[in-house]
Every structure is written in C-alpha cells, then in structure tokens.
Amino acid sequence: MNEQPEQHPLIDDQDLEALDAFLDDDAMSEEALDIYGIHGFMVAQAIALTPVSATVWIPTVFDGEPAFSSDEEHTRILGLCQSLRDNAIELFEQGALPELPFDDEFEESPRMHPVADWCSGFMEGVFIDEAQWFGALEEDAARLLLPFMALSGLFDDEDRDLAAMGATPAEASQLLNQLPELALDLYLLYRTPVEKAAPSGPAGKPPGKTRGRKGGQARKRR
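Caption draft 1: Structural view of the overall build of the chain. Helix and strand content of the chain: 10 helices and 2 strands. Each helix and strand of the chain, ordered N terminal to C terminal, gives the series β-α-α-α-α-β-α-α-α-α-α-α. When each of the 222 residues of the chain is scored for burial, the buried share is 47%. Summed over its atoms, the accessible surface of the chain is roughly 10800 Å², and 47% of this surface lies on carbon and sulfur atoms.

Shown next as structure tokens:
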C-alpha cells in the first residue's frame, strides 16, 4: 500500500492570520473572497499551466482594487497571496501536498463548512480560464474536479448528482480528505498528459463543461 505524500502548510499561521485580518476588515468588499476562498484560488493558480496575471486575479479575488492603507501593506498582502501559489507549486514539484487551512470535522451542514468557500475559490480559479482547464484533457479534468465542484455547492441548483455528492457530513469528510491529493493529480495531469495515471477521484459522470457560478457562495460570509 502506497504511503500518502506529506501535507505542508502553504504559509505559516501568523501570515495566514494577517491575510485573514485584512480580508475581514469592514472596508473590504462583501464580494471579496475570504481567507479560505483565496487559499483555494491560489492552489488552483498553482495548478494552471499559465496562471493569470495580477491585473486579472487581484480584482477577481478582492472584487476590485483593495484600499491598502500603505505601500507596505500592499506589498505584504499581495506577497502573501503570491506565496500561497508559489509554495503550492514547490510542494507539487516535490510530490508533496498542500495542507488545507481547516479541519475535516463537520458540526454543521457541509455547505456551512470552510471547505465550501475553499472549493468555491478553487473553482473561481478554474472559471477565470476554463479553456485552459477543459481542453484536450476535458474528461479527465472534469472527473478530478468533481469533488471540488460538489463541495463548493455552486452547482446545487442545476445538477442533482453533484448536489447529492458530499451532502452528509460523513460523505463530505471523505471528499474533503481527497482534495490535496486530487490537486496534485491535476497538477501532474497538465504536465504529463501522455503518461498520466488513471484519475484517483471518485467515479462519476463528468459534467462535460462547467456552468456559470451561483452568486455569493464563494464570497465572504458576514
């Protein structure tokens, strides 16, 4: 039996708390991604062969240009976001896994768990350049992305099968624990398409192509 690769945090707790505090400020747009959403978005950007430019991702995750209090804050916050992406790439290159910034205990509905925001942010990183994610490898990519799509809750109103996946705490916890390894699988899929292994995600009918996101789910909860 193969040992699962080690998981590592993308930034330390102090930096994660600093980014969280910035995002939770009252001056931040209600539509900005929260700390979990940005973490997921940047992991998706680490997987993408061609990450989008800062001029695209900054207004996407912050819902416009953030009102930084100083040049120092501007440099620090954007640097922390970039570190999430860069450190994820380094882990993937080593065959290691990113540690998710929350636990797998579900005390409430799976849709109220931070994994929903994380997966919504991840899918935001997919939506921003769908052609890159769903090209010649569409079938494999869609299969690997199923748990991300299901746990995000973005497709609940339009796909009953996805809505049923991870609907209970036990099922959601099982899917959550697959996310880091599936992220590595996706990273490798785009870089070794000829030699790729069979996807390790749960079997199911791929959605074919993504649908438009449901407003609000991926955004900050107040």
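Caption draft 2: Structural detail: the nonpolar core. Formed by 70 residues in total, the largest nonpolar core has its most connected members in F62, F122 and W133. Broken down by secondary-structure element, the contributors of at least two residues to this core are α1 (13–23), α2 (35–47), α3 (54–62), α4 (71–93), α5 (114–127), α7 (138–152), α9 (169–176) and α10 (179–191). Top element by residues in this core is α7. It accounts for 9 residues.

Caption draft 3: View of unusual backbone geometry. Residues other than glycine seldom take positive phi values, yet D63 does so here, at roughly 55°. The topology assignment puts D63 in the loop between α3 and α4. Of the residues examined, D63 reaches a relative accessible area of 41% and is grouped as partly exposed.

Caption draft 4: Up close: α3. Listed as buried for α3 are W57, I58, T60, V61 and F62. Elements in contact with the buried residues of α3: α1, α2, α4 and α5. One or two residues past the end of α3 sits D63, with phi positive at roughly 55°.

Caption draft 5: Highlighting the packing of α3 against α4. Between α3 and α4, the shortest axis-to-axis distance is 13 Å and the interhelical angle comes to 100°. Considering their axes alone, α3 and α4 lie roughly perpendicular with respect to each other. Each of W57, I58 and F62 in α3 lies in contact with α4, whose residues at this interface are I77, L78, C81 and Q82. Grouping the amino acids of the contact of α3 with α4 by side-chain chemistry returns 6 nonpolar, 1 polar and no charged.

Caption draft 6: Fine view of α2. With 13 residues, α2 ought to run about 18 Å at 1.5 Å a step, and its terminal C-alpha atoms sit 19 Å apart, in line with that. A large share of α2 lies buried, amounting to 12 of its 13 residues. Every buried residue belonging to α2 is among I35, G37, I38, H39, G40, F41, M42, V43, A44, Q45, A46 and I47, and all of these are buried. Looking at the packing, one finds that the buried side of α2 touches α1, α3, α4, α5, α6 (130–133) and α10.

Caption draft 7: How the structure looks around the environment of E31. Residue position: E31 is located in the loop between α1 and α2. Considered as a pair, E31 and V61 are 30 residues apart in the sequence and their alpha carbons are 8.5 Å apart.

Caption draft 8: Expanded view of the packing of α5 against α7. Following both chains from N to C, one finds α5 and α7 inclined at 125°, their axes separated by 7 Å at the closest point. The angle between the axes of α5 and α7 places the two elements in the oblique class. When the axes of α5 and α7 are compared, the crossing they make is left-handed. Every residue of α7 that contacts α5 at V115, A116, W118, C119, S120, F122, M123 and V126 is listed here: L145, F148, M149, L151 and S152. Of the residues that constitute the contact of α5 with α7, the class distribution is 11 nonpolar, 2 polar and no charged.

Caption draft 9: Expanded view of the packing of aromatic side chains. Applying the stated rule across the entire model yields 10 aromatic pairs. Chaining the aromatic ring pairs together yields one cluster made of W118, F122, W133, F148 and Y190. The ring of Y187 has R191 lying over it, and the distance from NZ or CZ to the ring centre is 3.7 Å.

Caption draft 10: Representation of a negative patch on the surface. Together, D12, D13, E17, D20, D24, D25 and E99 make up a negatively charged patch on the protein surface. According to the relative accessible area criterion, D12 is partly exposed, its value standing at 43%.

Rules used throughout
Residues numbered from 1 in each chain as written. Predicted model: local features only at pLDDT ≥ 70, side-chain atom pairs only at ≥ 80, totals over all residues. Heavy atoms only, no water. Helix = DSSP H or I, 4+ residues; strand = E, 2+ residues; numbered from the N terminus. Buried < 20%, exposed > 50% of the residue type's maximum accessible area, 1.4 Å probe, protein only. Areas by Shrake-Rupley, 256 points an atom, 1.4 Å probe, with all protein chains shown as cover. Core = buried A, V, L, I, M, F, W, Y, C linked by side-chain atoms within 4.5 Å. Contact = heavy atoms within 4.5 Å. Axes fitted to C-alpha atoms, helices over the stretch in contact; angles between N-to-C directions. Parallel < 35°, antiparallel > 145°, perpendicular 65-115°, else oblique. Nonpolar A, V, L, I, M, F, W, Y, C, P; charged D, E, K, R; others polar. Expected span 1.5 Å × (residues − 1). Left-handed = near helix turned anticlockwise from the far one by under 90°. Phe/Tyr/Trp six-rings, centres within 6.5 Å; stacked < 30°, edge-to-face > 60°. Lys NZ or Arg CZ within 6 Å of the ring centre and 35° of its normal. Patch = residues over 30% accessible without salt bridge, like charges linked within 9 Å, V, L, I, M, F, W, Y side chains within 5 Å. Salt bridge = Lys/Arg side-chain N within 4 Å of Asp/Glu carboxyl O. Lys, Arg positive; Asp, Glu negative; His and termini not counted. Charge placed at Lys NZ, Arg CZ, Asp CG, Glu CD.

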